Amino acid sequence: MNNVATIPDKPALPAFSMTPRSLDEALKYAEMMSNSDLVPSGYKGKPANILVAIQKGLEVGLSPMAALETIAVINGRASLWGDGMLALVQAHPAYEQIDESQSTDKEGVCRVKRKGHEWHEQRFTLEDAKRAGLLGKQGPWTQYTARMLKLRARGFALRDVFADALKGMIAAE
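Read on for an overview of the structure. (Residues numbered from 1 in each chain as written. Predicted model: local features only at pLDDT ≥ 70, side-chain atom pairs only at ≥ 80, totals over all residues. Heavy atoms only, no water.)

Turning next to helix H7 (residues 145-161). Taking 1.5 Å per residue as the helical rise, H7 with its 17 residues ought to reach 24 Å, and the 25 Å between its terminal C-alpha atoms agrees with that figure. Regarding H7, the residues found buried are Thr145, Met148, Leu149, Leu151, Arg152, Ala153, Arg154, Gly155, Ala157, Leu158 and Val161. (Helix = DSSP H or I, 4+ residues; strand = E, 2+ residues; numbered from the N terminus. Expected span 1.5 Å × (residues − 1). Buried < 20%, exposed > 50% of the residue type's maximum accessible area, 1.4 Å probe, protein only.)

Here we come to the packing of aromatic side chains. For any pair of aromatic rings, the description rests on two quantities: the centre-to-centre distance and the angle between the ring planes. All chains considered together, the criterion is met by three aromatic pairs. Pairing tyrosine 95 with phenylalanine 162 gives two aromatic rings, centres 6.4 Å apart and planes at 45 degrees, and the pair type is tilted. With a gap of 67 residues between them, tyrosine 95 in strand E3 (residues 95-99) and phenylalanine 162 in the loop between H7 and helix H8 (163-166) connect regions that are remote in the sequence. Residue tyrosine 95 is classed as buried on the basis of its relative accessible area, which comes to 15%. Taken together, a centroid distance of 6.1 Å and an interplanar angle of 40 degrees make the contact between phenylalanine 124 and phenylalanine 156 tilted. Of the two residues, phenylalanine 124 sits in strand E5 (residues 119-125) while phenylalanine 156 sits in helix H7, which places them 32 residues apart along the sequence. What links up through ring pairs into an aromatic cluster is the set Phe124, Trp141 and Phe156. Across the ring face of tryptophan 119, the terminal group of arginine 111 is positioned such that the distance to the ring centre comes to 4.2 Å. Just above the ring of phenylalanine 124 sits the side chain of arginine 152; from NZ or CZ to the centre is 5.3 Å. (Phe/Tyr/Trp six-rings, centres within 6.5 Å; stacked < 30°, edge-to-face > 60°. Lys NZ or Arg CZ within 6 Å of the ring centre and 35° of its normal.)

Reading across from one edge, E1-E2-E6 is the order of the three strands in this open sheet, with mixed pairing throughout. Of all the strands in the sheet, just strand E1 (71-74) and strand E6 (170-171) have a single pairing partner and so form its edges. By the bridge criterion, two bridges tie strand E2 (residues 77-80) to E6 in an arrangement that is parallel. Counterpart to serine 79 in the pairing with E6 is isoleucine 170. (Pairing = 2+ DSSP bridges.)

This part is about the nonpolar core. Core analysis: the biggest nonpolar cluster contains 39 residues, and Leu68, Ile71, Leu80, Leu158 and Phe162 have the highest contact counts within it. Discounting chain neighbours no more than four positions away, the residues touching leucine 80 are Leu62, Thr70, Ile71, Met85, Leu88, Leu166, Met169, Ile170, Ala171, Ala172 and Glu173. (Core = buried A, V, L, I, M, F, W, Y, C linked by side-chain atoms within 4.5 Å. Contact = heavy atoms within 4.5 Å.)

Our focus in this paragraph is the sheet that holds strand E4 (residues 107-114). The strand order across the open sheet built from three strands is E3-E4-E5, with neighbouring strands paired in antiparallel fashion. Bordering the open sheet on either side are E3 and E5, each of which pairs with just one other strand. Adjacent strand axes in the sheet meet at a mean angle of 15 degrees, parallel and antiparallel pairs treated alike. The pairing of E3 with E4 spans four bridges and is antiparallel. Bridge pairing in E4 links tyrosine 95 to arginine 114. Strands E3, E4 and E5 of the sheet are contacted by H7, whose axis makes an angle of about 145 degrees with E5. (Axes fitted to C-alpha atoms, helices over the stretch in contact; angles between N-to-C directions.)

This part is about the environment of alanine 163. Of note, alanine 163 is situated in helix H8. Residue class for alanine 163 comes out partly exposed when judged on its relative accessible area of 46%. For the pair alanine 163 and asparagine 49, spaced 114 residues apart in sequence, the C-alpha separation works out to 23 Å.

Next up, the structure:
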């Protein structure tokens, strides 16, 4: 008798799922979600944007709800919030490790390692942020400068090493 337990690659869908299975269902889903208080404000009243975000999310492995929570539209381009980008990369079979421990309040540092490859490092400094016109504006660059530096370095590093997982998506930060 074989007592070895197996673990499925992906958990089974719950008995109830709102994942659309046809274009008609997707259109209805997008319309319903555009009226919901649980979608980010950028999707309110915009079912077309919701539909495109869901499709883009599916292309990188996100469920519809995860896509709406993780994808932002920045200058007309689908972008991933930093933690969502990291989650996608960490789920990739070639992911090995990330190290952001060298980040400071003056420089974001992200080192990422893909299995079978050397470490790759990206840095993003206060000077880089100044040149990009990011400092001094109300919002996270003023309130959480150190985190934004780290997330900007992360976005560049992950895009460089895991283009296959991110499929051209950039970091929202």
